[in-house]
Amino acid sequence: MSQQRSERPVGSSRDFPDLPDATVARLPEYLRALHVLADAGHDVASSEELATAAGVNSAKLRKDLSYLRSNGTRGVGYDVSQLIDKIEYVLGLNQHRAVALVGIGNLGHALAGYAGFGTRGFHIAALFDADPSRVGEEINGLVVRHTDELVEVVAEEGISIAVIATPVHAAQSVADALVKCGVTSILNFAPCVLAVPDNVDVRKVDLAIELQILSFHEHRKAAILPLIALPGAVNS
């Protein structure tokens, strides 16, 4: 068993590009920016326009898109519609993937009720919880099933991606059960590191860690500002 996923390139074939993990992480931002531009009526976008909309520098964007064999047209830019199709294909979003959500507490409720997944290439196909008081509840047209039904429902719905929104003490056992069912990708909201087989990818979302990082930046700004305010500090 291994801890979380290590840095590694995505496998390639003649029709599928070999992408660094950092590039893969930025593709959804490019896709979001492209949809914004398309909605605003843009048929083409320069690398500078797209980079600004995505919050990256244009050189990094051009390098990332070159992995997709999308270099744009000099003096014109990128065809927005074609680039959307290319990125959606590479991310596998043209398959509209079914997702299981395990853990229907406050966070799970919010995730189950989020309507935005459908526009991003996913749909929540099944909801699970081990608490008998949650089982049978209906959210967005889906009935919460007991986790004992994981094997049956995951097979029926063809689910390979799951979201864990359980308390930390339950997360590892839920991950183990999902892996046994054939789930090979997990988005983990529980504040812990999951041990999974090498063929299972895990993405961790820890809101407390993100806040701690922001706290560092606030602390640093508070430490630097008095120094900047000192006489002669600007020219030192």
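Above this text you will find the structure in question.
A. Layout of the pairing of strand S7 (residues 142–146). In terms of strand pairing, strand S5 (residues 122–129) meets S7 through 3 bridges, oriented parallel. The residue bridging Leu 127 from the neighbouring strand is Val 144, located in S7. Where strand S6 (residues 138–139) lies against S7, 2 bridges are found, and the strand directions are antiparallel. The residue bridging Ile 139 from the neighbouring strand is Leu 142, located in S7.

B. A look at the nonpolar core. Ranked by internal contacts, the top residues of the largest apolar core, which has 25 residues, are Ile 159, Ile 164, Leu 178, Ile 186 and Leu 194. Taken together, the elements giving at least two residues each to this core come down to strand S4 (97–102), S5, helix H6 (150–157), strand S8 (161–164) and helix H7 (168–181). Per-element accounting of this core gives the leading share, 5 residues, to H7. Core analysis: the second largest hydrophobic core is formed by 21 residues, Leu 34, Leu 61, Leu 68 and Tyr 78 among them.

C. Region of the structure containing the layout of surface pockets. Space inside the second largest pocket adds up to approximately 260 Å³. As for the second largest pocket, its lining consists of 16 residues, of which Gly 103, Ile 104, Asp 129, Thr 166 and Pro 167 are closest to the centre.

D. Molecular detail of the packing of helix H1 (residues 21–39) against helix H2 (residues 47–54). In contact at an axis separation of 8 Å, H1 and H2 are set at 110° when each is read in the N-to-C sense. The angle between H1 and H2 places the two elements in the roughly perpendicular class. The interaxial crossing formed by H1 with H2 has right-handed handedness. Of the residues in H2, those touching H1 at Glu 29, Tyr 30, Arg 32, Ala 33, Leu 34 and Leu 37 are Leu 50, Ala 53 and Ala 54. Across the contact of H1 with H2, the residue classes break down as 7 nonpolar, no polar and 2 charged.

E. Representation of the sheet that holds strand S9 (residues 185–188) within the structure. The sheet built from 7 strands is open, its strands ordered S6-S7-S5-S4-S8-S9-S11 with mixed pairing. A single partner strand is all that each edge strand has here, and the edge strands are S6 and strand S11 (201–204). Sitting on the sheet, H6 is in contact with S4, S5 and S7, with an inclination near 170° to S5. H7 rests against S4, S8 and S9 of the sheet, and its axis sits at about 170° to S8.

Cut-offs and rules
Here the residue index of a chain counts from 1 through its sequence in written order. Side-chain atom pairs in this predicted model are given and counted only at pLDDT of 80 or more, local residue features only at pLDDT of at least 70, and totals for whole chains, interfaces and linings cover all residues. Where side-chain values are given, they derive from all heavy atoms of the structure, hydrogens and water being excluded. Pairing between two strands requires that DSSP report at least two bridges joining them. The numbering of helices and of strands both runs from the N terminus, where a helix is a DSSP run of H or I of at least 4 residues and a strand a run of E of at least 2. Throughout this description, the term nonpolar core refers to a set of buried Ala, Val, Leu, Ile, Met, Phe, Trp, Tyr and Cys residues connected via side-chain atoms within 4.5 Å. For the exposure calls, accessible area comes from a 1.4 Å probe over protein chains only, and a residue counts as buried if that area is under 20% of its type's maximum, exposed if over 50%, partly exposed in between. Residues are called lining when one of their atoms sits within 4 Å of a cavity or pocket point, these points coming from a 1 Å grid over the protein atoms alone, where a cavity is a set in which a 1.4 Å probe fits but cannot get out and a pocket is an open set with protein on both sides within 12 Å along at least five of seven lines. Grid points are joined across faces, edges and corners, and a volume is the space filled by probe spheres set on the points. Orientation is described by axes fitted as lines to C-alpha atoms, over the contacting stretch for helices, and by angles from 0 to 180 degrees between their N-to-C directions. In what follows, roughly perpendicular refers to angles from 65 to 115 degrees, roughly parallel to angles under 35, roughly antiparallel to angles over 145, and oblique to any angle outside these ranges. Rotating anticlockwise by less than a right angle from the far helix to the near helix defines a left-handed crossing, while the corresponding clockwise rotation defines a right-handed one. Two residues qualify as a contact provided that any one of their heavy atoms is within 4.5 Å of a heavy atom in the partner residue. Throughout this entry, Asp, Glu, Lys and Arg are counted as charged residues, while Ala, Val, Leu, Ile, Met, Phe, Trp, Tyr, Cys and Pro are counted as nonpolar. The remaining residues, Gly among them, count as polar.

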